Amino acid sequence: MLSQVPISWFLMLSAALFATGVAGFLFRRNIITVFMSIELMLNAVNLSFIAFSYQHKQVDGHLFAFFVMVVAATEAAVGLAIILTVFKNRQTLNIDDVDSMKN
Amino acid sequence: MQLWLIPLLPLAGFAINGLFGRRFSKSLVNLVAIGSVLLSFAWVLKTLYGLGDLSSAHVEHYFTWIQSGNLSIGCDFAVDRLTAVMLLVVTGIGSLIHIYSIGYMAHEGGYYRFFAYLNLFMFFMLTLVLGANFLVLFVGWEGVGLCSYLLIGFYFDKQFATNAGNKAFIVNRIGDFGFSLAMFLIFINFHSLDFATVFHAAPGASEATLTTIGLLLMVGACGKSAQLPLYVWLPDAMAGPTPVSALIHAATMVTAGVYMTARSWVIYTHAPDAMHVIAIIGVATAVFAATIGLAQTDIKKVFAYSTVSQLGYMFIGIGSGAFSAGIYHLVTHAFFKALLFLGAGSVIHALSGEQDMSKMGGLRKKIPWTFVTMMCAAVAIAGVPPFAGFYSKDAILVAAHAQAPWIYWVGVITAGMTAFYVFRAMFLTFFGEYRGHEHPHESSPVMLIPLGLLALLSLGGGYFFRVPEFLAEFFHAGPEAPEDFTLVAISVAAGVIGIALAWVMYLVKPGMADSFAGSVSGLYKLVYNKFFVDEIYDAAVVNPIVGGSRSVLWKVVDAAGIDGIVNGVGSWARGVGGVLRHIQSGNIRSYATWVVFGSVMLIVAMGLAGGLIR
């Protein structure tokens, strides 16, 4: 079934997802949303990994996808903890208000 | 035979006194310092007794010190007849001077420091004479230079003492430079620095090579043994305590150059030109320094110039091929000059630090033992037979006459001047009326006993220690030149005339010296001011270097060049940072924009490089 779908479609979907993620990361102000955009980019990369892996009949891409998932999971844990702490200290989730490292 | 014990004992004394001496009582410091040197002396005696007649060298190899390519240098000690003589002089005279120092330094600060340095000096000096290759000798050579520097500047709170120490160290660098070059040349030509190997191969080398090596070694010897033109540091070195002047700057260290040239005798016998230069430098130094000695008023300065002059004599001996006569004079000079310095120290001690002879006089009744012992040294140095100086000086002069008669005649004149200035010092110090205000007191027995022993050595040392006969085989000397009675009589007569002249000028008619000085006041001022050599060196060498360093190297090269580069890099980094700082907005989304921008640029670059985008 999959063999009928050309690889370029997967790559286009992956690129579209990645672009959405980048756009969300750049233009949204809510930290949670930014965070979700990052997850979206990671999954877009995962999709292209899997697609290539299938194309070349090699298992390396799958392995990488698992790695990315593990990293994403740990990142979620650490990131959410940071977000909680930021909110506790500043009562805000607006990313533009968190700029004390300026200059 | 455990030769290593000989230098290691004083080193142990240095380590103990240097590390813990501050907390020790004076008697404990004495025990460690003098005990270590006396043990070393005893070990020398035992070793020499055990080694028998030493017709061949006894070498001990301890470990390979440097191994690099075909350069292999061992930490080796060797004893042959020349070393045996030096060992006995260094440890014997050294022991006596250590004992004397107990009394002399009793009221001085830094007591333990003084003895620690003195022990360290003994270690390096013994390393110097025991070393079986040029590099081990050089280690001792530099080490004694260090100790000389430390002890000249012993009174480091006095500006002139530290200056004198610096001067000694810096002037010696010039000589050491020559010595280093000589070692490089020796290694290039003979592929070894071991005495045995080098001197075995030396006769096969070309005369030009050997002459160059010999002259470079001579430059090193001129620095250490205070010969023209590098003698200027030795008179200033009298800023150190008097036992130091006696041990280092009269009896042992300054003779290291003579020892080193005598050690390299094989090179010199195959390089007659180099020997000739040594003889000329020696005779020039002898007469030049003796002239300056005629007009000095500081008692230690008189003996300092006398030392320079007598070292010149030793160089005449070496340069005339009479190596054993040079070493003979080294030994007898160690006896009487150490005694003269220690006696001068006793006088200075009696007068609570007065060194100016114009404030002395009439001391023979107040400090009789010092007077008697110093008189022994004076007759010895004046060459009065049959005392020590007579034998060695005449051995040198007879050898010089065989080589070049004019050197003999200048040597005879110098002998007359030597007798004159030494007896002038004696008469000014011990005869006439006392001209000072202190209350002289005789020194303690701990100072007088070394004086007495040295007096015995000065009187009988020449007769009983027949160094030339002992060393004849070592230097492969041919049959000794027949003793020419006329030559000997002339030089003895010169000494007696010198004594008589001093007696007339300073005792019979005390005003005569001053009126004579007044009648040739221009010449007298020239001599009194040491021919202005220090001033000439200052103007010709020191000031241009200091001035050039200050105005060019400091203000231009260092301040503008090196500092400019360093500060320029710093301010450039700060300026660039000031601009780039504004990128650091603290806004996460702006960072993300930069990341995206960077990634896009990267992809475009990769695309261009890979030919995807045209």
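Residues numbered from 1 in each chain as written. Chains lettered and ligands numbered in written order. Predicted model: local features only at pLDDT ≥ 70, side-chain atom pairs only at ≥ 80, totals over all residues. Heavy atoms only, no water.

1. Comments concerning the interface of chain B and chain A
- With 11 residues of chain B at the contact, the number on the chain A side is 13 residues.
- Contact between chain B and chain A buries roughly 1,000 Å² in total, counting both sides, with carbon and sulfur atoms accounting for 58%.
- Looking only at chain B, the three residues that lose the most surface to chain A are Gln584(B), Ile588(B) and Arg589(B), adding up to 49% of its buried area.
- Taken together, the links from chain B to chain A amount to 1 salt bridge.
- Between Arg589(B) and Asp96(A) there is a salt bridge; the shortest N-O distance is 2.9 Å.
- Here chain B and chain A share 2 residue pairs in polar contact (both at pLDDT 80 or more) between them. (Contact = heavy atoms within 4.5 Å. Buried area = accessible area lost by both parts, 1.4 Å probe. Salt bridge = Lys/Arg side-chain N within 4 Å of Asp/Glu carboxyl O. Polar contact = N/O pair within 3.5 Å; in protein donor to acceptor, adjacent residues only side chain to side chain.)

2. Focus: the packing of aromatic side chains
All names here are of chain B.
- Here the structure, examined in full by the defined rule, presents 36 aromatic pairs over all chains.
- A centroid spacing of 5.5 Å and a plane angle of 80° characterise the contact between Tyr62 and Phe77, whose relative ring orientation is edge-to-face. Within this pair, whereas Tyr62 is found in strand β1 (residues 58–68), its partner Phe77 is found in strand β2 (residues 71–79), the two being separated by 15 residues in sequence.
- By relative accessible area, which is 6% here, Phe77 ends up buried.
- A ring pair is formed by Tyr149 and Phe169, whose centres lie 5.3 Å apart and whose planes are at 55°; its orientation type is tilted. Here Phe169 lies in helix α6 (residues 159–190) and Tyr149 lies in helix α5 (residues 134–152), a separation of 20 residues in the sequence.
- The class of Phe169 is partly exposed, set by a relative accessible area of 31%. (Phe/Tyr/Trp six-rings, centres within 6.5 Å; stacked < 30°, edge-to-face > 60°. Helix = DSSP H or I, 4+ residues; strand = E, 2+ residues; numbered from the N terminus. Buried < 20%, exposed > 50% of the residue type's maximum accessible area, 1.4 Å probe, protein only.)

3. Observations regarding the domain arrangement of chain B
- Per the domain assignment, the segments making up chain B are domain 1 (1–268), domain 2 (271–523) and domain 3 (534–610).
- For domain 1 of chain B and domain 3 of chain B, the distance between their C-alpha centres works out to 49 Å. (Domains from an automatic or database assignment.)

4. Focus: unusual backbone geometry
All names here are of chain B.
- Along the chain, Leu228 connects to Pro229 via a cis peptide bond; the corresponding omega equals -5°.
- Summarising the element assignment, Pro229 is placed in the loop between α8 (207–224) and α9 (233–236).
- At the junction of Pro385 and Pro386, the peptide bond is cis and its omega measures out at 5° in the coordinates.
- Inspection of the secondary structure assignment puts Pro386 in the loop between α16 (368–381) and α17 (388–403).
- Within the chain, Leu54 stands out as a residue other than glycine whose phi angle is a positive 60°.
- Along the chain, Leu54 falls in the loop between α2 (26–51) and β1.
- Its relative accessible area of 6% is what places Leu54 among the buried residues.
- Residue Phe532 is not a glycine yet carries a positive backbone phi of 55°.
- By the secondary structure assignment, Phe532 is in the loop between α23 (521–528) and α24 (533–580).
- You can call Phe532 partly exposed: its relative accessible area is 32%.

5. Concerning the pattern of salt bridges
- All told, the structure shown has 8 salt bridges over all chains when counted by the stated rule.
- As a salt-bridge pair, Lys167(B) and Asp236(B) come within 3.1 Å of each other at their nearest N and O atoms. Separated by 69 residues along the polypeptide, Lys167(B) in helix α6 and Asp236(B) in helix α9 bring together distant segments of the chain.
- Overall, Lys167(B) belongs to the partly exposed group, its relative accessible area being 21%.
- Each of the salt bridges in this network shares a partner with another, and the network as a whole consists of Arg29(A), Asp96(A) and Arg589(B).

6. Observations regarding the environment of Trp4(B)
- Within the fold, Trp4(B) resides in the segment before α1 (5–20).
- For the pair formed by Trp4(B) and Lys337(B), sequence separation is 333 residues and the distance between their alpha carbons is 29 Å.

7. Focus on the pairing of β2(B)
Residue and element names in this part refer to chain B.
- Within β2, 7 of the 9 residues are buried, which leaves the element mostly enclosed by the surrounding structure.
- For β1 and β2, the ladder comprises 9 bridges, and the chain directions are antiparallel. Residue pairing in the sheet places Phe63 in a bridge with Cys75 of β2.
- Where β1 folds back on β2, the antiparallel hairpin that results is connected by 2 residues, among which Gly69 adopts a positive phi of roughly 60°. (Pairing = 2+ DSSP bridges.)

8. Looking at the nonpolar core
Residues and elements named next belong to chain B.
- If you look at the biggest cluster of nonpolar residues, it comprises 183 residues, and the most contacted ones within it are Phe134 and Ile327.
- It is helix α15 (residues 323–350) that contributes the most residues to this core, 17 residues altogether.
- Each residue touching Ile327, except ones within four places of it in the same chain, is listed here: Leu82, Val85, Ala262, Val467, Leu471 and Phe475.
- If you look at the next biggest cluster of nonpolar residues, it comprises 17 residues, including Ala279, Ile316, Ala322 and Ala400. (Core = buried A, V, L, I, M, F, W, Y, C linked by side-chain atoms within 4.5 Å.)

9. Considering the environment of Pro10(B)
All names here are of chain B.
- By the element assignment, Pro10 lies in helix α1.
- Taking the C-alpha atoms as reference points, Pro10 and Ser40, 30 residues apart in sequence, are found 7.1 Å from one another.
- The residues contacting Pro10, other than those within four sequence positions of it, are Ser36, Ser40, Asn119, Met122, Phe123 and Leu126.

10. As for the confidence of the model for chain B
- Mean pLDDT for chain B: 89, with 99% of residues reaching 70 or above.
- Note on the complex model: pTM 0.79, ipTM 0.80. (pLDDT = per-residue confidence, 0-100.)

11. What to know about helix α3 (residues 60–90) of chain A
Residues and elements named next belong to chain A.
- The terminal C-alpha atoms of α3 lie 44 Å apart, and with 31 residues this matches the ideal 45 Å at 1.5 Å per residue to within 8%.
- Buried residues of α3: Gly61, Ala65, Val68, Ala72, Ala76, Gly79, Ile83 and Val86, and no others.
- Those residues of α3 hidden inside the fold are in contact with α2 (31–56).
- With its phi angle positive at about 55°, Gln91 sits one or two positions after the end of α3. (Expected span 1.5 Å × (residues − 1).)

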